Amino acid sequence: ELEKSCSTKTKEWDERSKTRAEELVALADTIKVLNDDDALDLFKKALPSAGSSLVQVSVSTSAPRARALGMIRSLRRSADAQLRPHLDLLALTLSGKRALSAGGFDQVIKM
């Protein structure tokens, strides 16, 4: 039993060592390719120059919100009755109307 276990572990170790050696060779080849002058030229072409910048000009949440609301409304038309309340709640949330948020039931509570 012990000899069988040792031989199995030895085979597994040899296989892992072989795989590790292959990975090290592949990494060395990759580093060699990346350090090549052709790769440097390619990187210079791909990366933006120092004069350009990655500045986000503006972002509006209304356009994605309106698009999502339109999707939910179109999905609601074909949804079954069990799913419609969930879609209504999503539509209400996206449209910005207050339902159960602070102050939503102030008039009812005053009664």
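Described below are features of the structure shown in this document. (Residues numbered from 1 in each chain as written. Predicted model: local features only at pLDDT ≥ 70, side-chain atom pairs only at ≥ 80, totals over all residues. Heavy atoms only, no water.)

## Some words on the overall build of the protein chain
Part 1: Helix and strand content of the protein chain: 5 helices and 0 strands.
Part 2: For the protein chain, the sequential pattern of α-helices and β-strands runs α-α-α-α-α.
Part 3: Here the protein chain has roughly 10,400 Å² of accessible surface; of this, 60% comes from carbon and sulfur atoms. (Helix = DSSP H or I, 4+ residues; strand = E, 2+ residues; numbered from the N terminus. Areas by Shrake-Rupley, 256 points an atom, 1.4 Å probe, with all protein chains shown as cover.)

## Looking at the environment of Ser-74
Part 1: Along the chain, the position of Ser-74 falls in helix 3 (residues 62-78).
Part 2: At 2.9 Å, the side chain of Ser-74 forms a polar contact with the backbone oxygen of Met-71. (Polar contact = N/O pair within 3.5 Å; in protein donor to acceptor, adjacent residues only side chain to side chain.)

## Some words on a nonpolar patch on the surface
Part 1: A contiguous nonpolar surface patch, about 300 Å² in accessible area, is contributed by Leu-34, Phe-43 and Leu-47.
Part 2: Of note, Leu-47 is situated in the loop between helix 2 (37-46) and helix 3. (Patch = residues over 30% accessible without salt bridge, like charges linked within 9 Å, V, L, I, M, F, W, Y side chains within 5 Å. Salt bridge = Lys/Arg side-chain N within 4 Å of Asp/Glu carboxyl O.)

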